[in-house]
Amino acid sequence: MIVVVRHGQDQDNAQGILNGHRDLALTEVGQAQMRLVATQLQQMQIDVIVTSPLRRAITSAQIIADYLNNPQTVINPKLIERDFGCLTGKPIAEIPYYASAILAVDGVNYFLDASGAESFPNLLKRARQVLSDLQVTYPSQNLLLVTHGDMAKMLRSAYYGWDWEEGLRTPYLSNAGLLYLHNAKSATLACQPSKSENSLI
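It should be emphasised that the depicted structure is a prediction, and the values quoted were computed from it without experimental measurement.

## So, the packing of aromatic side chains
All told, the structure shown has five aromatic pairs when counted by the stated rule. Taking the centre distance of 5.3 Å and the plane angle of 85° together, the rings of F84 and F111 count as edge-to-face. Within this pair, whereas F84 is found in the loop between strand 3 (72-75) and helix 4 (95-98), its partner F111 is found in strand 5 (residues 108-111), the two being separated by 27 residues in sequence. Under the relative-accessibility criterion, F111 is labelled buried at 1%. With centroids separated by 5.9 Å and ring planes inclined at 10°, the aromatic side chains of F120 and W164 adopt a geometry described as stacked. Of the two residues, F120 is situated in helix 5 (residues 120-137) and W164 in helix 7 (residues 164-168); the sequence distance between them amounts to 44 residues. A residue is classified by how much of its surface remains accessible, and F120, at 2% relative accessible area, is buried. Aromatic rings pair up to connect Y110, F120 and W164 into one cluster. Seen from the ring of F120, R82 lies directly overhead, with NZ or CZ sitting 4.0 Å from the centre.

## Topic: the layout of surface pockets
Its boundaries defined by the atoms lining it, the largest pocket holds a volume of some 210 Å³. Lining the largest pocket are M1, I2, L131, L134, Q135, Y138, P139, S140, Q141, L143 and Y159. Of all the elements, helix 5 adds the most residues to the lining of the largest pocket, at three residues. Split into classes, the residues belonging to the lining of the largest pocket amount to eight nonpolar, three polar and no charged.

## So, the pairing of strand 2 (residues 48-51)
Where burial is concerned, the two faces of strand 2 agree: the one with V48 and V50 and the one with I49 and T51 are both buried. Pairing geometry for strand 2 and strand 3, over four bridges, is parallel. Its bridge partner being in strand 3, V50 is matched across the sheet by V74. This β-α-β element, strand 2 to helix 3 (residues 55-67) to strand 3, shows right-handed connectivity.

## Thoughts on the pattern of salt bridges
Inspection of the entire model under this criterion finds six salt bridges. Residue R126 pairs with E118 through a salt bridge whose shortest N-O separation is 2.8 Å. With a shortest N-O distance of 2.9 Å, E165 and R169 are connected by a salt bridge. For R169, a relative accessible area of 49% translates into the label partly exposed.

## With respect to helix 3
The α-helix advances 3.6 residues per turn, and as a result positions three or four apart in sequence lie on the same side. The end-to-end C-alpha separation of helix 3 is 19 Å, in line with the 18 Å expected for 13 residues at 1.5 Å each. Taken as a whole, helix 3 has its buried residues at R56, A57, S60, A61, I63, I64 and A65. Downstream of helix 3 by a residue or two, N69 has a phi angle that is positive, lying close to 60°.

## A look at the nonpolar core
Soluble globular proteins tend to pack their nonpolar side chains together in the buried interior. If you look at the biggest cluster of nonpolar residues, it comprises 31 residues, and the most contacted ones within it are V4, Y110, L145 and L155. Those elements that provide at least two residues to this core are strand 1 (2-6), strand 2, strand 4 (102-105), strand 5, helix 5, strand 6 (143-147), helix 6 (149-160) and strand 7 (178-181). Among the elements that line this core, the one with the most residues is helix 5, at seven residues. If near-sequence neighbours (up to four positions away) are discounted, V4 is found in contact with L145, T147, A152, L155, G177, L178, L179 and L181. Within the second largest apolar cluster, 20 residues are counted, among which are M34, V37, L41 and A57.

Reading the values: the criteria
- Each chain carries its own residue numbering, running from 1 in the direction its sequence is written.
- Given that the model is predicted, a residue must reach a pLDDT of at least 70 before its local features are reported, and side-chain atom pairs must reach 80 or more before they are shown or counted; all residues, however, enter totals for whole chains, interfaces and linings.
- As a rule here, side-chain values cover all heavy atoms of the structure and leave hydrogens and water aside.
- Each pair of aromatic rings taken from Phe, Tyr and Trp, with Trp reduced to its six-membered ring, is defined by centres within 6.5 Å and is described as stacked if the planes are under 30 degrees apart, edge-to-face if over 60, and tilted in the remaining cases.
- Each helix is a run of H or I in the DSSP string that is no shorter than four residues. Each strand is a run of E no shorter than two, and both are numbered from the N terminus.
- For every residue, the accessible area obtained with a 1.4 Å probe (protein chains only) is divided by the maximum for its type, and the residue is called buried under 20%, exposed over 50%, and partly exposed between those limits.
- Comment: the charge-over-ring label is applied if NZ (Lys) or CZ (Arg) is within 6 Å of the ring centre and within 35 degrees of the ring normal.
- Buried and open spaces are told apart on a 1 Å grid over the protein atoms alone, a cavity being a set of points where a 1.4 Å probe fits but cannot get out and a pocket being an open set with protein on both sides within 12 Å along at least five of seven lines. Residues with an atom within 4 Å of a point are the lining residues.
- Grid points are joined across faces, edges and corners, and a volume is the space filled by probe spheres set on the points.
- Residue type decides the class: Asp, Glu, Lys and Arg count as charged, Ala, Val, Leu, Ile, Met, Phe, Trp, Tyr, Cys and Pro as nonpolar, and the leftover types, Gly among them, as polar.
- Think of it this way: DSSP has to see at least two bridges between two strands before they count as a pair.
- Classification remark: right-handed applies to a crossover when, strands pointing away from the viewer, the course from the first strand over the helix to the second runs clockwise.
- The salt bridge definition used is simple: a Lys or Arg side-chain nitrogen within 4 Å of an Asp or Glu carboxyl oxygen.
- One fewer than the residue count of a helix, multiplied by 1.5 Å, yields its expected span.
- Residues belong to one nonpolar core when they are buried, are Ala, Val, Leu, Ile, Met, Phe, Trp, Tyr or Cys, and are joined through side-chain atoms within 4.5 Å.
- By definition in these notes, contact holds between two residues if any of their heavy atoms fall within 4.5 Å.

In structure tokens, the structure reads:
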């Protein structure tokens, strides 16, 4: 079993800032979001938590681990968020000024051509490598992956054999949103907190 969770709200999320590889802390709201998710995950048997190296993900993983009797937790650099290039640290509202190719899904503008940004085909390739590596390292264990919004969508695409655009068109994953990957024809979302303008990307 693989469960993917997006980190809780961080300081950039709260201010409507595009974070990418920026490494800011969770807000108090973000910490509360993760405690709520952790109580729901107590119903499952999670053997290993694998987290992105960014602080907002590591802190989210630590909060969950405390509620789950501290299963093994490892950092996987490949789970880091997409590099937002020149849009890193910019307000969400400025996306149209830096990108001419945009895919709008669920009110979120996914920029496709911002200077220096990691492309979605490359992000999908990275997600495929993550799943391949995990299958080798943890072939029979239940995994919780703590990662980011764009990466979560590409993990879902990689798992189901979709292309990157099909993955982007799937439902938005809010801060602390859970995604269950399983052998069905479509992905199942659960524990989706209400979307707010402060939780975008």
